[in-house]
Amino acid sequence: MNQISPLAFVHPEAQLGDNNIIGPFCYIDRNTVLGNDNVLQNSVTINVGARIGNGNEIFPGASLSTKPQDLKYRGEETLCEIGDNNSIRENVTISRGTASQGTTRVGSNNLLMENMHIAHDCFFGSNLIIGNSTKFAGEVSVDDNAIISAEVLCHQFCKIGGYVMIQGGSRFSQDIPPYIIAGKEPIRYAGINLVGLRRHGFSNELIQLIHEAYRLLYSKGVIAEGIQEIKNNLQITPEIQYIIDFVSSSKRGIIR
């Protein structure tokens with residue numbers, strides 16, 4: 001049974017699962033789906049096109065599946081999909097998709113801190129930590145287990161690899177490959193995310209292999225030559241293949 005405050009508005013066409021708590025002054029629009037065991041504290045807005053899973057806690061002022069801030073948007077029916085067990089803190093905004101991709105997706109078990117923004121057609125993985133007031137423009141992708149500190153500004157179409165740590169206050173318009181620390185001004189490669197990798201159970205041997213991959217990658221002036229050096233000299237584990245695939249498919253280029 002859902003607990004819905006008499007001061008909340010739930011559109012008759014909204015689909016709610018079971019055991020949700022909907023606090024006062026919440027607004028849940030039409031064409032929305034809310035799973036089970038979610039907690040919406042006061043003054044949360046769930047806009048058209050939201051598809052929210054189970055066990056999420058959403059804090060005051062958050063607005064999910066907002067109209068895209070994109071002049072190409074023409075009112076088409078699009079979605080914002082959010083997984084399970086996310087903590088979505090105060091004043092977080094997440095836009096729904098546009099005709100470009102159709103959907104903005106956020107995975108599960110993420111901590112999205114106060115006042116951060118995810119724009120239209122982004123794809124965010126799971127187990128992410130994203131700091132206060134960080135902003136992502138449209139069609140950005142972030143792979144699993146990334147940590148992105150506060151007040152980071154990310155250009156549209158960028159890709160962020162898994163297991164990265166990005167320094168607070170950074171701004172960037174190129175891709176950030178997996179397993180690294182990105183920081184300084186202007187932003188650049190600042191070594192392997194050693195602490196993060198150890199926390200996730202990476203062995204010393206694997207960490208050393210990843211370190212060597214980046215040494216070879218950045219030793220050449222042309223990234224394609226660095227990739228070839230990796231292929232010629234290192235064992236190609238799934239982690240090394242992930243680096244190769246990420247860098248090879250980068251359209252905006254990677255930070256150096």
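Residues numbered from 1 in each chain as written. Predicted model: local features only at pLDDT ≥ 70, side-chain atom pairs only at ≥ 80, totals over all residues. Heavy atoms only, no water.

Caption draft 1: Fine view of the pairing of strand β12 (residues 79-82). Burial of β12 is one-sided: the residues Cys80 and Ile82 facing one way are buried, the residues Leu79 and Glu81 facing the other way are not. Sheet topology note: the strand β9 (residues 50-52)/β12 ladder contains three bridges and is parallel. If you follow Ile52 over to β12, its bridge partner there is Ile82. Two strands pair when backbone bridges link them, and β12 and strand β15 (residues 103-106) are joined in this way by four bridges, in the parallel orientation. Residue pairing for β15: Glu81 is matched across the bridge by Arg105. (Buried < 20%, exposed > 50% of the residue type's maximum accessible area, 1.4 Å probe, protein only. Helix = DSSP H or I, 4+ residues; strand = E, 2+ residues; numbered from the N terminus. Pairing = 2+ DSSP bridges.)

Caption draft 2: Structural view of the sheet that holds strand β5 (residues 27-28). Strand order across the open sheet formed by nine strands is β2-β5-β8-β11-β14-β17-β20-β23-β26, with parallel pairing between neighbours. Looking at the sheet topology across the chains shown, the edges are occupied by β2 (9-10) and β26 (171-172). Here two bridges tie strand β17 (residues 117-118) to strand β20 (residues 135-136), and the two strands are oriented parallel to one another. Bridging across to β20, His117 finds its partner in Lys135.

Caption draft 3: Representation of the pairing of strand β28 (residues 188-192). Relative to β28, strand β27 (residues 180-183) is paired through three bridges, and the arrangement is antiparallel. Its bridge partner lying in β28, Ile180 is registered against Ile192. Hairpin connection of β27 to β28: four residues between the antiparallel strands, including Lys184 at a positive phi of 70°.

Caption draft 4: Focus on the side chain of Asp121. By secondary structure assignment, the location of Asp121 is in the loop between β17 and β18 (123-124). An unpaired buried charge is present at Asp121: no salt bridge exists, and Lys72, the closest side chain of opposite charge, is 7.6 Å distant. Within polar-contact distance, the side chain of Asp121 engages the backbone nitrogen of Gln101 at 3.3 Å. (Lys, Arg positive; Asp, Glu negative; His and termini not counted. Salt bridge = Lys/Arg side-chain N within 4 Å of Asp/Glu carboxyl O. Polar contact = N/O pair within 3.5 Å; in protein donor to acceptor, adjacent residues only side chain to side chain.)

Caption draft 5: The arrangement of the pattern of salt bridges in detail. Following the criterion strictly, the structure yields five salt bridges and no others. In this structure, the salt-bridge partner of Arg30 is Glu77, at a minimum N-O distance of 3.5 Å. Placement of the pair is Arg30 in the loop between β5 and β6 (33-34) and Glu77 in the loop between β11 (63-66) and β12, with a sequence separation of 47 residues. With its nearest N and O atoms 3.1 Å apart, the salt bridge here joins Glu90 to Arg89.

Caption draft 6: Molecular detail of the packing of aromatic side chains. Applying the stated criterion across every chain yields a total of ten aromatic pairs. Centre to centre, the rings of Tyr163 and Tyr179 are 5.6 Å apart; their planes meet at 25°, and the pair counts as stacked. Of this pair, Tyr163 sits in the loop between β24 (159-160) and β25 (165-166) while Tyr179 sits in the loop between β26 and β27, and the two are 16 residues apart along the sequence. Ring geometry for Tyr179 against Phe202: centres 5.8 Å apart, planes inclined by 65°, an arrangement best described as edge-to-face. Here Phe202 lies in the loop between α1 (194-199) and α2 (204-218) and Tyr179 lies in the loop between β26 and β27, a separation of 23 residues in the sequence. In this pair, the class of Tyr179 matches that of Phe202, namely buried. Among the aromatic side chains, those forming a connected cluster through ring pairs are Tyr163, Tyr179, Phe202, Tyr242 and Phe246. (Phe/Tyr/Trp six-rings, centres within 6.5 Å; stacked < 30°, edge-to-face > 60°.)

Caption draft 7: Summary view of the sheet that holds strand β1 (residues 3-4). Taken in spatial order, the eleven strands make up an open sheet running β1-β4-β7-β10-β13-β16-β19-β22-β25-β27-β28, and their pairing is mixed. With one partner strand each, in any of the chains shown, β1 and β28 form the two edges of the open sheet. Relative to β28, α2 is tilted by about 150°, and along the sheet it contacts β27 and β28. (Contact = heavy atoms within 4.5 Å. Axes fitted to C-alpha atoms, helices over the stretch in contact; angles between N-to-C directions.)

Caption draft 8: Summary view of the packing of α2 against helix α3 (residues 223-233). Between α2 and α3, whose axes approach to 7 Å, the crossing angle comes to 140°. When the interaxial angle is binned, α2 and α3 end up oblique. The element α2 and its partner α3 pack so that their crossing is right-handed. In contact with Ala213, Leu216 and Leu217 of α2, α3 contributes Ile223, Gly226, Ile227, Glu229, Ile230 and Asn233. Of the residues in the contact of α2 with α3, the class split is six nonpolar, two polar and one charged. (Parallel < 35°, antiparallel > 145°, perpendicular 65-115°, else oblique. Left-handed = near helix turned anticlockwise from the far one by under 90°. Nonpolar A, V, L, I, M, F, W, Y, C, P; charged D, E, K, R; others polar.)

Caption draft 9: Structural context of the environment of Ile181. One can find Ile181 in strand β27. Residue classification places Ile181 among the partly exposed residues on the basis of a relative accessible area of 28%.

Caption draft 10: Quick peek at the nonpolar core. Formed by 67 residues in total, the largest nonpolar core has its most connected members in Phe136, Ile166 and Ile210. When residues of this core are traced back to their parent elements, those giving at least two are β9, β12, β27, α2, α3 and α4 (238-248). In terms of residue count, α2 provides more of this core than any other element does, nine residues in total. (Core = buried A, V, L, I, M, F, W, Y, C linked by side-chain atoms within 4.5 Å.)

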